[in-house]
Amino acid sequence: MPTSPLDLARIRAEFPALAAGTVFLDNAGGSQVLARVADRIRDYLLHDNVQLGASYAASQQAGERVLAARRAVALLVNAPHDDEIVMGPSTTALIGTLVEALRPDLQSGDEVIVTESDHEANIGAWTRLADIGVVVRVWRVDAESLGLRLQDLDPLIGPRTKWIAMTQASNVLGTITPVAEVARRAHAAGAKLCVDAVAYAPHRLVDVQASGADAVVFSFYKVFGPHYAVLWVRRELLLQLPSLNHFFIGREVIPYKLQRGNVNYELSYGCIGIVDYLRDVGTALGATGSDRARMQAAFDAFAAHEDALAEQLLAWLRERPGVRIIGLPSAAGGARVPTVSFVVEGRRSEDIVRQVDTHGIGIRFGDFYARHLIEALGLQAYGGVVRVSIAHYNTAQEIGRLLVALDAAMA
């Protein structure tokens, strides 16, 4: 049975929902929330629930807390400047906001590239630019590897390519994509890159600078926090975008110009708890140095633990007759996150999942808003895939329970 460098008893105590006995293996749909995040939200609502910007002391304190949250999120993603951090309700909403701000500078005949493997959040807003004559090109998934091959991207990039939109990790396949290399190719052609890091951020430490991207977005509720999201935009680009806020909020007022109605104060403040937790885990593992170094140590341990759990599941699936793993069949090599999808010949994915439900185990079936991918792979006949998505707080014992339940469901 896999061992872990993490103190799982201590880790799991940070997430109160885990004590109820449910096995949460739908973490790509939404992780469990840290108690320290919820405590911060409660603390803000009970002690700082005033409007910002006033001269009195309580308003000044509340403003400092919201600003501290922005700085914490900037640290989390390694943003060079904290005023590059735009926060809002969801990844879908924030990508929509970004594309809306880009519209005035796009012309008929300009081109954008979307992938066949992304969540619809990073496809739909871009394809709607066809309304103003923008040409949308699709980077197809390779039928054999199920990956996005760079040699398939190159013919799509042309002199009028303005943006490439892609995922950093597929929420169905689990495959990690080469965003830094795509950024290099995009910039060489005068284009920009928007990265959806939703399925990546719970498993690897996001580094917007290393990504090479011009915009990166993900949701905190996939990363142990509240139902809230962050969009990072490179500062020089952010300054160029028009204001979508009130008419007197100028384009130089960043990030407020893209945060219509302002941020959610209490959810923003709660997100500091994510950073505190990651730093504390790294420190407990013996890491020293900067906060980023400590968070990196935490994520390195998460990845090692999650890979072992994913391989426990994948090894079982590889030996199971009639099972087709949708994605890389092994967790070795660090090329995937622990989001594992599969189908069973002759079975509807829903039927399998509903039988697993009866064991107190939460997994899922469907297309997960990556409908283009499911259709491209011909998986509609199964009703989509069965998806098991693991987080660092899951245990080998929980995976063992899942395998028993799957064995009964597939019998």
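Please read these numbers as outputs of a predicted model, since none were measured by experiment.

An ideal rise of 1.5 Å per residue puts 16 Å on twelve residues; helix 4 (residues 91-102) measures up with 17 Å between its terminal C-alpha atoms. Three or more residues of helix 4 are buried, namely T91, L94, I95, T97, L98, V99, A101 and L102. Taken together, the buried residues of helix 4 touch strand 2 (85-88), helix 5 (124-127), strand 5 (161-167), strand 6 (192-196), strand 7 (215-219) and strand 8 (229-233).

Under the UniProt annotation, the feature "domain: Aminotransferase class V" (unreviewed entry) is placed at residues 23-402. Annotation note: span residues 23-402, helix share 38%, strand share 15%, distance between end C-alpha atoms 8 Å.

With that settled, consider the pattern of salt bridges. The final tally for this structure, using the stated rule, is 27 salt bridges. A salt bridge links E398 to R12; its shortest N-O distance comes to 3.3 Å. One end of the pair, E398, is in helix 15 (residues 396-410); the other, R12, is in helix 1 (residues 8-13), and 386 residues separate them in sequence. With a relative accessible area of 7%, E398 lands in the buried category. With a shortest N-O distance of 2.8 Å, D367 and R371 are connected by a salt bridge. Given the relative accessible area of 17%, D367 is considered buried. One connected set of salt bridges, linked through shared partners, spans E14, R36, R40, D276, R279 and D280.

With respect to the helices and strands, A28 occurs in the loop between strand 1 (23-24) and helix 2 (35-47). With 172 residues separating them along the chain, A28 and Y200 place their C-alpha atoms 9.5 Å apart. With residues near it in sequence (within four places) discarded, A28 still touches K222, T339, R387 and S389.

This brings us to the packing of aromatic side chains. If you walk through the whole model with that rule in mind, you get twelve aromatic pairs. Geometrically, the ring pair formed by Y44 and Y265 is tilted, given 6.4 Å between the ring centres and 55° between the ring planes. Linking Y44 in helix 2 with Y265 in helix 10 (residues 265-270), this pair joins segments that are 221 residues apart in sequence. Here the aromatic rings of F218 and F220 are separated by 5.8 Å at their centres, their planes lie at 75°, and the arrangement is edge-to-face. Like F220, F218 is buried. Here the aromatic residues F15, F224, Y277 and Y393 are joined through ring pairs into a cluster of three or more.

Right, let's talk about the packing of helix 13 (residues 349-357) against helix 15 for a bit. Interhelical geometry of helix 13 versus helix 15 gives an angle of 130° and a closest axis separation of 9 Å. If you check the angle between helix 13 and helix 15, you find them oblique. The handedness of the crossing between helix 13 and helix 15 comes out as right-handed. Across the interface between the two elements, I352, Q355 and V356 from helix 13 touch L402, A405, L406, A408 and A409 from helix 15. Considering only residue class, the contact of helix 13 with helix 15 consists of seven nonpolar, one polar and no charged.

Time to look at the nonpolar core. Grouped together as the largest cluster of nonpolar side chains are 87 residues, with contacts concentrated most on L76, I85, W139, L193, F218 and F220. Among the elements that take part in this core, helix 3 (residues 57-77) stands out by supplying eight residues, more than any other. Of the domains in this structure, domain 1 (8-33 + 290-410) and domain 2 (38-274) are the two that each give at least three residues to this core. With near-sequence residues (within four places) excluded, I85 lies in contact with R70, V73, A74, V77, A79, V230, L231, W232, P255 and Q259.

What follows concerns the sheet that holds strand 4 (residues 135-139). Pairing is mixed across the open sheet formed by seven strands, whose spatial order is 2-8-7-6-5-3-4. Across the chains shown, the open sheet's two edge strands, defined by having one partner strand only, are strand 2 and strand 4. Adjacent strand axes in the sheet meet at a mean angle of 20°, parallel and antiparallel pairs treated alike. Bridge count between strand 6 and strand 7: three bridges; the pairing is parallel. Its bridge partner being in strand 7, D196 is matched across the sheet by V217. Set on the sheet, helix 7 (residues 179-188) makes contact with strand 4, strand 5 and strand 6; between it and strand 6 the angle comes to about 155°.

Each value, and the rule that gives it
Residues numbered from 1 in each chain as written. Predicted model: local features only at pLDDT ≥ 70, side-chain atom pairs only at ≥ 80, totals over all residues. Heavy atoms only, no water. Helix = DSSP H or I, 4+ residues; strand = E, 2+ residues; numbered from the N terminus. Expected span 1.5 Å × (residues − 1). Buried < 20%, exposed > 50% of the residue type's maximum accessible area, 1.4 Å probe, protein only. Contact = heavy atoms within 4.5 Å. UniProt positions renumbered as here; feature names shortened; annotations may be inferred. Salt bridge = Lys/Arg side-chain N within 4 Å of Asp/Glu carboxyl O. Phe/Tyr/Trp six-rings, centres within 6.5 Å; stacked < 30°, edge-to-face > 60°. Axes fitted to C-alpha atoms, helices over the stretch in contact; angles between N-to-C directions. Parallel < 35°, antiparallel > 145°, perpendicular 65-115°, else oblique. Left-handed = near helix turned anticlockwise from the far one by under 90°. Nonpolar A, V, L, I, M, F, W, Y, C, P; charged D, E, K, R; others polar. Core = buried A, V, L, I, M, F, W, Y, C linked by side-chain atoms within 4.5 Å. Domains from an automatic or database assignment. Pairing = 2+ DSSP bridges.

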